[in-house]
Amino acid sequence: MNDRAALDLLLEHGPLSRTRIGKLTGLSKPTASQLLARLEAAGLVVATGTTEGRPGPNAQLYAVNSRAAHVAGLDVTPERIRAAVADVTGDVVGEFEVRTPGRRAAESVAHQVTDALDGAVKAAHLVRSDLHRVVIGTPGAFDPGTGRLRYASHLPGWHSPALLDELAAALPMPVEYENDVNLAAIAEQRLGAARGHDDFVLLWNEGGLGAALVIGGRLHRGFTGGAGEVGFLPVPGAPLVRHVTKANSGGFQELAGGQVVPRLAREYGVPDMPGGTPIEVAIALVARAAEADEGPYRQLLETFATGLATGLASLVAVLDPELVVLSGALIAAGGEPLRELVQTELGELAASRPRLVIGEVDRHPVLRGALESALATTRDEVFDTSR
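A brief report on the enclosed structure follows. Note that this is a predicted model, so its numbers are computed, not measured.

**A few points about the pattern of salt bridges**
Logical step 1: With the rule as written, the count across this model stands at 18 salt bridges.
Logical step 2: The partner of glutamate 381 in a salt bridge is arginine 133, with the nearest N and O atoms 2.6 Å apart. Here glutamate 381, found in helix α13 (residues 365–382), pairs with arginine 133, found in strand β7 (residues 131–138); they are 248 residues apart in sequence, far enough to count as distant.

Here's what the structure looks like:
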């Protein structure tokens, strides 16, 4: 327990002296010295320098050995697979991205995954066998009963019943799979706006609408992994969508997903935006609308905010969360003006009134969450000095 406490302190604070570790843990100097000697012998800490420039004698500083373990995370979308490698301290040491549209039709998903992973491993100056664990984030969720991906019919190649076996054969290390929005919530819980909160909802709006539900400090995934697939949620103000999994859409997605923004722009007479993918156009429109105080852009933002608040009201009525984190590229484009509008609308639509905040992990939150998930398990394994 003392060993793990010291390692956690070094991760939190960076290099510390023996005296400082003793004070933070409540251990005597001899016990702290024995602890550091034990961790250094195990390859878990390294001496990094001294406390030069401070009053008093120089003291040796110790830090977690960053090379004690490495993990990888992957963020999968229909357009690309983004991979990153982090050392045990959490520093990202290699990244790589594989664009998937136009790839050879016969090329397997397993091949695409290993291409992305190997690119990140190479960028980190490592080899694949150096990785202790990999976490892969995808839209939808792998059904724990069947092992097949559900709720993500738009992700080509990922629905084969043999896929998990193929990936297990290709990757020699433990591999875990998690919903992409759940991983964004993990990133916010560990590093961002949800730190210190045990009950919160993360609403994600980028290529699609989704939510992550954290109850009692733990993710709630549901019986088939489908908890949080709120894009399928029937809501007032949108047509009732039947056969939602075939349509890969539902009422909330049709009311407040990215595809509604260009339609609102046409309705309110907003000028055409420069070309790009549909989601890029939607992001640009929301960003422009967030800068407007009145006129058609403001009308667009207000209607978009009402749509978001309508779906959120249903979630709040069921879950009564302490906090709602708004995340994803469309949300980030709207920023505080959008958040304020959603908060106001939600206050009129919901009985309970959770605080709404914009997500703070603004660089690849799904990928960061995958790394944080992999690191949590890996640290438990590598830092266990009792074995």
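**Re the layout of surface pockets**
Logical step 1: Taken as a whole, the second largest pocket holds about 390 Å³ of empty space.
Logical step 2: Leu11, Arg190, Leu191, Glu372 and Arg379 are the residues nearest the centre of the second largest pocket, which is lined by 15 residues in total.
Logical step 3: Listing elements by their share of the lining of the second largest pocket, those giving two or more residues are α1 (2–13), α6 (180–191) and α13.
Logical step 4: Looking at which element gives the most residues to the lining of the second largest pocket, the answer is α13, with 5 residues.
Logical step 5: Of the residues that constitute the lining of the second largest pocket, the class distribution is 4 nonpolar, 3 polar and 8 charged.

**A short note on the environment of aspartate 130**
Logical step 1: Relative to the elements of secondary structure, aspartate 130 occurs in the loop between α4 (109–123) and β7.
Logical step 2: Taking the C-alpha atoms as reference points, aspartate 130 and glycine 217, 87 residues apart in sequence, are found 31 Å from one another.

**Considerations on the sheet that holds strand β2 (residues 45–50)**
Logical step 1: Strand order in the open sheet formed by 3 strands is β1-β3-β2, with antiparallel pairing between adjacent strands. The open sheet has two edge strands, β1 (16–17) and β2, and neither has a second partner.
Logical step 2: When β2 meets strand β3 (residues 60–64), the two strands line up antiparallel, connected through 5 bridges. For threonine 50, the partnering residue across the bridge sits in β3 and is glutamine 60.

Definitions and limits used
- Residues numbered from 1 in each chain as written.
- Predicted model: local features only at pLDDT ≥ 70, side-chain atom pairs only at ≥ 80, totals over all residues.
- Heavy atoms only, no water.
- Salt bridge = Lys/Arg side-chain N within 4 Å of Asp/Glu carboxyl O.
- Helix = DSSP H or I, 4+ residues; strand = E, 2+ residues; numbered from the N terminus.
- 1 Å grid on protein atoms, 1.4 Å probe; cavity = no way out; pocket = protein on both sides within 12 Å on 5 of 7 lines; lining within 4 Å.
- Points joined across faces, edges and corners; volume = space filled by probe spheres on them.
- Nonpolar A, V, L, I, M, F, W, Y, C, P; charged D, E, K, R; others polar.
- Pairing = 2+ DSSP bridges.

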